[in-house]
Amino acid sequence: MGQETVFRVGLASCGIASGSAPVYERLQALLAGCPDARLQRVGCVGLCFHEPLVEVERDGARYLYGEVNPELAERIVAFHLRGEGDVAEHLVASTTAEAPENEMLARQVRIVLRNCGLIDPERIEDYLARGGYTALRKALGMKPEEVIAEVERSGLRGRGGAGFPTGLKWKFARAAPGEDKYIVCNADEGDPGAFMDRSVLEGDPHSVLEGMVIAAWAVGASEGVIYCRAEYPLAVRRLEIAIAQAREAGYLGTNVLGTAFSFDVHVKEGAGAFVCGEETALLASIEGRRGMPRPRPPFPAQKGLWGKPTVINNVETFANVPWILVHGAEAFARYGIGRSRGTKVFALAGKVRKGGLVEVPMGMPLRELILGIGGGVGEGRTIKAVQMGGPSGGCIPEPLLDTPVDYESITATGAIMGSGGMVVLDDTSCMVDVARFFLQFTQGESCGKCPFCRIGTKRMLEILERITQGKGTMEDLDRLAELSVQVKDGSLCGLGQTAPNPVLTTLRYFRDEYEAHIREKRCPAKVCTALIHYRIDPKVCIGCTLCARQCPVGAIAGERRKAHVISDEKCVRCGQCAPVCPVNAISVESP
Amino acid sequence: MRTAPPTAEDRTALAALIAKYRGKRGVAIPLLADLQRRFGYLPPWAVEEAARELDLPAAELFGVATFYSMFRLKPLGKHVIRLCRGTACHVQGSLRIAEELQRRLSVAEGDTTEDGLFTLQFVACLGCCSLAPVMMVGEDVHGRLSPAKAVEVLEGYRARAGKG
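Criteria and cut-off values
The residue count restarts for each chain, going from 1 along the sequence in the order it is written. In the order they appear in the text, chains get letters beginning with A and ligands get numbers beginning with 1. Totals for whole chains, interfaces and linings use every residue, but because this is a predicted model, local features are given only for residues with pLDDT of at least 70 and side-chain atom pairs only at 80 or more, for both listing and counting. Side-chain calculation: all heavy atoms of the structure are included, whereas hydrogens and water are not. Throughout, exposure labels follow a simple rule: accessible area from a 1.4 Å probe, protein chains only, divided by the maximum for the residue type, with under 20% read as buried, over 50% as exposed, and the rest as partly exposed. Only DSSP runs of H or I with at least four residues qualify as helices, and only runs of E with at least two residues qualify as strands; both kinds are numbered from the N terminus onward. Two strands make a pair as long as DSSP finds a minimum of two bridges between them. Any two residues having at least one pair of non-hydrogen atoms within 4.5 Å are treated as being in contact. As used here, buried area is the combined drop in accessible area, with a 1.4 Å probe, of two parts when they are placed together. Definition used for salt bridges: Asp or Glu carboxyl oxygen within 4 Å of a side-chain nitrogen of Lys or Arg. By the criterion applied in these results, polar contacts are pairs of N or O atoms within 3.5 Å in which, for protein atoms, one can donate a hydrogen and the other can accept it, and in which residues neighboring in sequence qualify only through two side-chain atoms. All axes are obtained by fitting lines to C-alpha atoms, using only the stretch in contact for helices, and the reported angles, taken between N-to-C directions, cover 0 to 180 degrees.

Draft legend 1. How the structure looks around the pairing of strand β9 (residues 310-314) of chain A. Residues and elements named next belong to chain A. With 5 of 5 residues buried, β9 is to be regarded as a mostly interior element. Burial of the side chains of β9 extends over both faces: Thr310, Ile312 and Asn314 are buried on one face and Val311 and Asn313 on the other. Two strands pair when backbone bridges link them, and strand β6 (residues 182-187) and β9 are joined in this way by 5 bridges, in the parallel orientation. Bridge pairing links Asn186 to Asn314 in β9.

As structure tokens, this is what we get:
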């Protein structure tokens, strides 16, 4: 056989959204009948900001091209198969050649994402070729207690956010009396600004399944459920395919790999409720009820699904397990610091230049992650804070960016590790507005069971709305802090207990912004619409009428070639005029 | 938009759906999802009939239907717009897009345009944060939007609908 050249196209949700499907079709047509070339459909490569991505592998060397369109795809084929032309300027990363993103990739360690972007998620053969299901074989040759001990020694903790030691959770479920036990995979990734689990499910679904089968063997479960958001149709489809393939190949179902052990899995789609990410609410939802949490104890490891002992782990946690079994607990624990071992996957987004999916060893300082990997913020902008942990998390200010990524250090800042959403904020982000945004979210998603969560978050939201409208008082700040404590203490589940975090952290680190809104009726970041005004500089305006034509509410008046004026009463602050002005005559002001 | 009384065909389809769930536990969510797939929304008569047939309190089914954001008791427009209001989209200006779409379509969040062409929904996160701000129209994802670009996208759907 001659040297084969593999062409890979990123076909996860963000790739498809950026236009990778036509690229794939063009490559399909070009490579049809090419005996030395193979086209592969892969999941998320992680460099979302360069999508659509095409990777070429030949003789073990890999070349990744970004912003590929069908025409460029044709040139890439011409270059790699026939040596014609040159496409080097489109290279974004490579194992052999110089490329702009090599360093960004070199800083990462890929355990969870080991196969993402390298295998076709719809082909079990690809997973097997990269060592898939060898961990399961190994586990089945061990005693369940030995498997649990190995996971415990690795130091793996729950990647859904709370960080409970995984081995310990398995131990409790194993020790719990009862014949029927369940394994549940929490794939209800509800934090806005988080897409780690989606990427793993779309890019490497077998790694999650294998982790679940190993967990089932360890605790003695015979049935598993993957609770996946309905908003992720592609992830659900790929999971269904993976489950069918694993069953066919004997990794799932009756007598797994010919042993006496049986385990099967099915997917349960969520129906859109953030609170269902909380484990007891999730169980209620699987049982077909409204997803409302219940008090713990009893913990699900004792009484979970249908009242039976149940292990609930997150997607990323399960994806770690096969790697630990194959490489050993020590290899895993080599990464990380303190009580946080291994790696963590983050969805880097917001005002950062290189948004995407990254996996770093625990303990990496946030600054290195955001600047070294994420490339910092845009030209002329400065980093203000990073929001971690979604609506349950908090905002870590720029001066604290040397904080290492580990559960305890992040918690000490008032934020939480969370599931991995990391939204970077710059000087054009208003921290009061960010707090209001999260409160609006949690207030809307509160299931209504606990009065403090149901009513307290509503009152907090009203106060924040007053402040962003310039109608707040200084006493409001004290009331916010007081309510925060009460909502935290008076709520049953994680949603209410953490809902005040975005408010508490912004009050702690950005009190000056709150005060500017209250005392000066000023939004320093020029975001809050009630406190900003758009103005056309008459000395600069050339009267081209572009802004007037763009304005959706007819707030801009002026004759051709004469300075235009914005009516402050009519203006709805949509901001559409400024970008169309050819001479930058329109500015935003906050008094 | 269908708000017409149920046809004989609707009733047969409903009976077949109900049969699938007889004697099973934890059926509320998949049952309602099936109903919604068949009818495009949850017609109250169908929910009530399913409750009667499966011997479940109708309040339980309506309770589940109103708890989860996926379920709708009103018919949807031809194209469902799901504008992402997640964090990454928010800090990149999705609120301004939300306001502009509500203005242009003359609907509030959750409602359907008079011509039945668009239903406007805000969703928490579509998981395409690096393309923020993002919206989905049906199954298509449109990223890196501005208010003007979002309107332009919808004009495209409107033009295609106009052609037939």
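Draft legend 2. Molecular detail of the interface of chain B and chain A. Contact with chain B, which involves 39 residues of that partner, is made by 60 residues of chain A. Taking both partners together, chain B and chain A bury about 3,700 Å²; carbon and sulfur atoms supply 57% of that area. The largest per-residue losses of area from chain B upon contact with chain A belong to Phe67, Thr87 and Arg96 of chain B, which jointly make up 18% of the total buried on that side. Taken together, the links from chain B to chain A amount to 0 salt bridges. Across the contact surface, chain B and chain A share 15 residue pairs in polar contact (both at pLDDT 80 or more). Looking at the side of chain B that touches chain A, the elements that each hand over two or more residues are α2 (28-39), α4 (58-67), α5 (87-91), α6 (94-105) and α7 (147-163) of chain B. Take the side of chain B that touches chain A: its biggest share by element is 6 residues, from α6 of chain B.

Draft legend 3. Inspection of the sheet that holds strand β1 (residues 5-10) of chain A at higher detail. Residues and elements named next belong to chain A. In spatial order, the strands read β2-β1-β3-β4-β5; together these 5 strands make up an open sheet with mixed pairing. The two strands at the open ends of the sheet, each matched to only one other strand, are β2 (37-42) and β5 (91-94). Within this sheet the neighbouring strands show an average axis-to-axis angle of 20°, counted without direction. Sheet analysis places strand β4 (residues 61-65) next to β5, joined by 3 bridges and oriented antiparallel. Among the inter-strand pairings, Leu64 is bridged to a residue of β5, identified as Ala93. Its contacts with the sheet place helix α2 (residues 20-31) against β1, β2 and β3 (54-58), and it is angled at close to 160° to β2.

Draft legend 4. Spatial organisation of the sheet that holds strand β15 (residues 394-397) of chain A. Residues and elements named next belong to chain A. With mixed pairing, the 5 strands of this open sheet are ordered in space as β13-β12-β16-β14-β15. Each of the sheet's edge strands pairs with one partner strand only, and the pair in question is β13 (356-361) and β15. Put simply, the sheet's adjacent strands are angled 30° from each other on average, direction ignored. With 6 bridges connecting them, strand β12 (residues 343-350) and β13 associate as antiparallel partners. Across the sheet, the residue bridging to Thr343 is Pro361, located in β13.

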